[in-house]
Amino acid sequence: MDADSYQIGLENFDTKTREASNLDQISFWNEEAKKLTWFDQWTKTLEWNIPFAKWFVGGKINASYNTLDVHQTSIAKKPAIIWEGENGATRTITYTDLYHDVCKFANVLKSLDVKKGDRVTIYLPMIPELPVAMLACARIGAIHTVVFSGFSATSLRDRIDDSKSKVIVTADVGYRRGNSMNLKKIIDDAINELSFVEHVIVLKRTEESLQLNAKDKIWHELMTNSPDECEPEHLESTHPLFILYTSGTTGKPKGVLHGTGGYLTHLNSTFQWAFDIKDSDIFFCTADIGWVTGHSYVVYGPLLHGATEIMYEGVPDYPNTSRIWDIIQKHGVTIFYTTPTALRMFMKFGDSIPNSFKLSSLRLLGTVGEPINPKVWRWYFNIIGKSKCPIIDTWWQTETGGMILSPLPGLETIPLKPGSATKPIPGVDVAVVDEEGNELPTDTKGYLVIRKPWPGMLLTLWKDDKKYKDVYWSKFENNYYPGDYAIKDSDGYFWLLGRADDILKVAGHRIGTAELESNLVSHESIAESAVCGIPDEIKGEVIIAFVVLKQNTKKSEDVLRAELIQTIRNGIGPIATPQQIYFVTKLPKTRSGKIMRRVLKAIASKEKVGDVSTLEDGAAVKDVQDTFAKLQKSIKNNKS
Ligand code: ATP
Ligand code: MG
């Protein structure tokens, strides 16, 4: 395992926070919660009825009050959101603008009889009206459920039907890769048979005339005469703030339900600790608000802190591969938070692209979503951060609400190890355990668990307490099971090895997908890789690898295949030698950019592919299938 250490730019030495959290986890969070503004103080910090946690019981709070009202005297004219469209258009929204827009839209929702606890589905692209609609729901106690605007009518219908939303908020169009997508038409198809939907609010972004149905209302018309002040509801700390469906990497998405007081406390603290946020920062998180990273670190985290942030509508490689570096240079971005999958793509395009931009404003880099391969980490550190920016590799999930494992430059100094999410944040208890739930010695692979409740944790799965218990609390008694495989090294650093469901069991050895994939990606010609295991009579399971080559790779597949096998043998050992290596142009990924290994496994085992509604690009499955079939055929021919 990699023992390199990097300690650049870390200069905070707050030992008190860690000490307090070690002393008493509950009192620790009790103090952290006081950093927010509450209408009524809570009477009990935590009520823990395994597996249901209630944080700050009796406390009254409002998320929109804490992100907007509290800034109206101090930083009213400060930009909250600097928005950039795919076509280069920009808009700047100050904290005052945002406050009034949110109040107006909250009044609109009220006028449509939306009440505390009602659900509102928001199906909008990455435009400022998306956080406006979310915060307006929060202001009146309605539960928002944002659906990524790239989803089809069927996926959308499932989510609207599950949450039984009374109101839908959408736009006529969204833009992606230069194309305009007719969102209104998708909504019409989705709600066709859903009689419980009462109103559809449509934001018009174009001059095109719109076919209006009985339920449709136009955003601007509703907003024109709506009052720009709206009293925030005083909500119980445990009042649900939102339902968000998981990315669906492993199967059918789960409707994760989050509360208010605990969630906000978790975000308020982690945003400060991880990003070391300063008044002068320009924060840029590339996540779509349709995913949890967007909820927590585009909407709630930065706005709680009165930060200025960039919001970009569009894909990172359109109209060309330098788009993101162009945005960073143009707006002087200081903190950049993205995903390993995006970084691997940038890396594939070559160093000369970022090297031709002035990226010197950057001071802190972050990543989330998948294990980051050490090679990609170093590239990020050297080429993007110019060896002066710390990288925070943040491990967390939709269910955890906020970060659980991450370096925290805003709090303390920690030497970084490329590929490790380092250590737990203060106030959480994380361990690696065996099949029986016993903590494993260091340097031993096992299951990641969280042993105590934490403030950002989900309340439950929407209308499905049973599934909530089954999925997260049944594998290990009294421990939350995230479904990830990990190792803790002798320095106490955590290394995420992939999903526990994807572990390969070869000749008695357990190998995490991340170990193998990082090894393959360490080869100079490989941009991306994914591995899976398929059943084998003798070995139990054999490894199948799929790789995507970097642009301009000259070597033949046969040469590369031999080199890759050598790379694996040297890096992991002969037992990990893949039985087959397939060269593909694309890997099947979720809309949030994560590799769907179960799809690869199904193809390689000649089984049904299953639910792929969250798949990014159907063509990827076909590509893998074709490559697979071609190779199988040539193997057969050689044998005969
Ligand atoms: P589903 O639960 O429907 O399969 P999902 O798990 O992809 O979807 P998310 O909640 O967006 O939905 O993703 C959380 C998962 O992403 C984690 O459980 C982990 O597997 C992976 N992950 C996130 N951050 C990291 C990280 N820094 N290092 C390694 N893995 C990460
Ligand atoms: Mg998950």
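All values reported here derive from a predicted model rather than from experimental measurement. (Residues numbered from 1 in each chain as written. Chains lettered and ligands numbered in written order. Predicted model: local features only at pLDDT ≥ 70, side-chain atom pairs only at ≥ 80, totals over all residues. Heavy atoms only, no water.)

Q: What am I meant to see in the environment of F628 here?
A: The topology assignment puts F628 in helix α19 (residues 618-639). Owing to a relative accessible area of 7%, F628 belongs among the buried residues under this scheme. Between the C-alpha atoms of F628 and I603, which are 25 residues apart in sequence, the distance is 8.1 Å. F628 has contacts with Y582, I603 and A604, leaving out every residue within four places of it along the chain. (Helix = DSSP H or I, 4+ residues; strand = E, 2+ residues; numbered from the N terminus. Buried < 20%, exposed > 50% of the residue type's maximum accessible area, 1.4 Å probe, protein only. Contact = heavy atoms within 4.5 Å.)

Q: Is there a simple way to explain the environment of D429 in this structure?
A: Of note, D429 is situated in the loop between β20 (391-394) and β21 (430-433). Judged by its relative accessible area of 17%, D429 is buried. For D429 and Q25, which are 404 residues apart along the polypeptide, the C-alpha to C-alpha distance reads 9.0 Å.

Q: Explain the sheet that holds strand β30 (residues 580-583) here, please?
A: In sheet architecture, strand pairing relies on hydrogen bonds along the backbone and comes in two forms, parallel and antiparallel. The three strands are arranged β28-β29-β30 in an open sheet whose pairing can be described as mixed. Each of the sheet's edge strands pairs with one partner strand only, and the pair in question is β28 (526-536) and β30. Neighbour-to-neighbour, the strand axes of this sheet turn through a mean angle of 20 degrees, independent of strand direction. Where strand β29 (residues 540-549) lies against β30, four bridges are found, and the strand directions are parallel. Across the sheet, residue I544 finds its bridge partner in β30, namely Q580. This element, helix α12 (residues 340-349), spans β28 and β29 of the sheet and lies at about 125 degrees to β28. (Pairing = 2+ DSSP bridges. Axes fitted to C-alpha atoms, helices over the stretch in contact; angles between N-to-C directions.)

Q: Before we go on, may I ask you to explain the site of ligand 1 in this structure?
A: Near ligand 1 lie 21 residues; those nearest to it are T246, T249, T250, T398 and K594. Backbone polar atom of G248 to an oxygen atom of ligand 1: 2.7 Å apart, as the coordinates give it. Protein contact buries 95% of the 630 Å² of open area that ligand 1 shows by itself. Broken down by secondary-structure element, the contributors of at least two residues to the shell around ligand 1 are β20 and β25 (494-499). For the shell around ligand 1, a count of residues per class yields five nonpolar, nine polar and seven charged. (Near = heavy atom within 4 Å. Polar contact = N/O pair within 3.5 Å; in protein donor to acceptor, adjacent residues only side chain to side chain. Areas by Shrake-Rupley, 256 points an atom, 1.4 Å probe, with all protein chains shown as cover. Nonpolar A, V, L, I, M, F, W, Y, C, P; charged D, E, K, R; others polar.)

Q: For this particular structure, what's the right way to read the UniProt feature "domain: AMP-binding enzyme C-terminal" (unreviewed entry) in the protein chain?
A: Residues given the UniProt feature "domain: AMP-binding enzyme C-terminal" (unreviewed entry) here are residues 515-594. When the span residues 515-594 is considered, its composition is 28% helix and 31% strand, and the gap between its end C-alpha atoms is 16 Å. (UniProt positions renumbered as here; feature names shortened; annotations may be inferred.)

Q: So what exactly am I meant to see when it comes to the pairing of strand β24 (residues 484-488) here?
A: As a general feature of sheets, a regular strand has side chains that alternate between the two faces. The buried fraction of β24 is high, at four of five residues. Sheet analysis places strand β22 (residues 446-450) next to β24, joined by two bridges and oriented antiparallel. Bridge pairing in β24 links Y447 to Y485. Two elements, β24 and β25, share five bridges in a ladder whose sense is antiparallel.

Q: What is the right way to read the nonpolar core from this model?
A: Where a protein is soluble and globular, its nonpolar side chains tend to be buried together. Core analysis: the biggest nonpolar cluster contains 127 residues, and L98, F105, F275 and Y300 have the highest contact counts within it. Setting aside anything within four residues of it in sequence, one finds F105 in contact with V132, A133, A136, V169, I201, W219 and M223. By size, the runner-up hydrophobic cluster in this structure holds 63 residues, among which are F346, I353, I511 and L560. (Core = buried A, V, L, I, M, F, W, Y, C linked by side-chain atoms within 4.5 Å.)

Q: Can you walk me through helix α9 (residues 261-275) in this structure?
A: Here α9 is 15 residues long and its end C-alpha atoms lie 21 Å apart, about the 21 Å a rise of 1.5 Å per residue gives. Counting buried positions along α9 gives 14 out of 15 residues, so the element sits mostly inside the fold. Positioned one or two residues after α9, D276 has a phi angle of 50 degrees, which is positive. (Expected span 1.5 Å × (residues − 1).)

Q: So what exactly am I meant to see when it comes to the pattern of salt bridges here?
A: Opposite charge on two side chains allows them to pair when their charged atoms are near. Taken as a whole, this structure holds 40 salt bridges when the rule is applied. One salt bridge in this structure joins R344 and E528, with 3.7 Å as the shortest N-O distance. With R344 in helix α12 and E528 in strand β28, this pair connects stretches of sequence that are 184 residues apart. For R344, a relative accessible area of 6% puts it in the buried group. Here K601 makes a salt bridge to E541, at a shortest N to O gap of 3.3 Å. Here the residue K601 occupies a position in helix α18 (residues 597-604), and E541 occupies one in strand β29, the gap between them amounting to 60 residues. Beyond isolated ion pairs, a larger network of salt bridges with shared partners links D429, E439, R451, K452 and K488. (Salt bridge = Lys/Arg side-chain N within 4 Å of Asp/Glu carboxyl O.)

Q: Explanation requested: the packing of helix α6 (residues 153-163) against helix α7 (residues 183-191) in the structure shown.
A: How two helices sit against one another is set out by the angle between their axes and by the gap between those axes. Two numbers describe how α6 lies on α7: the axes approach to 8 Å, and their chain directions differ by 55 degrees. By the criterion of interaxial angle, the relationship of α6 to α7 is oblique. Crossing hand, α6 versus α7: right-handed. On α7, the residues touching A153, L156, R157 and I160 of α6 are I186, I187, D189, A190 and I191. Of the residues assigned to the contact of α6 with α7, the class counts are seven nonpolar, no polar and two charged. (Parallel < 35°, antiparallel > 145°, perpendicular 65-115°, else oblique. Left-handed = near helix turned anticlockwise from the far one by under 90°.)

Q: Can you help me understand the sheet that holds strand β4 (residues 79-84) in this one?
A: As summarised here, the arrangement of the seven strands in space is β5-β4-β17-β16-β18-β19-β20, forming an open sheet in which the pairing is mixed. The open sheet has two edge strands with one neighbour each: β5 (90-94) and β20. The mean inter-strand angle of the sheet, taken between neighbouring strand axes irrespective of direction, is 20 degrees. Relative to β20, strand β19 (residues 364-368) is paired through four bridges, and the arrangement is parallel. When the sheet's bridge partners are listed, G366 is paired in β20 with I392. Those strands touched by helix α10 (residues 292-304) are β4, β16 (282-285), β17 (308-312), β18 (335-338) and β19, and its axis lies near 165 degrees from that of β16.

Q: Looking at this model, I keep getting lost on the packing of aromatic side chains. Mind explaining?
A: Aromatic rings considered in pairs are described by the distance between their centres and by the relative angle of their planes. The final tally for this structure, using the stated rule, is 38 aromatic pairs. Between F271 and Y297, the aromatic rings sit 6.3 Å apart at their centres with planes inclined by 15 degrees, giving stacked as the arrangement. Of this pair, F271 sits in helix α9 while Y297 sits in helix α10, and the two are 26 residues apart along the sequence. Taking relative accessible area as the criterion, Y297 reaches 0% and is therefore assigned buried. With 6.0 Å between their ring centres and 65 degrees between their planes, W325 and F336 make a pair best called edge-to-face. Here W325 is found in helix α11 (residues 323-331), whereas its partner F336 is found in strand β18, with 11 residues between them in sequence. Taken together, the ring pairs connect W48, F52, W454, Y468, Y472, W473 and Y480 into an aromatic cluster. K417 extends its terminal NZ or CZ atom over the ring of Y493, reaching a point 4.4 Å from the ring centre. Between the NZ or CZ atom of K475 and the centre of the ring of Y447, over which it lies, the distance is 4.5 Å. (Phe/Tyr/Trp six-rings, centres within 6.5 Å; stacked < 30°, edge-to-face > 60°. Lys NZ or Arg CZ within 6 Å of the ring centre and 35° of its normal.)

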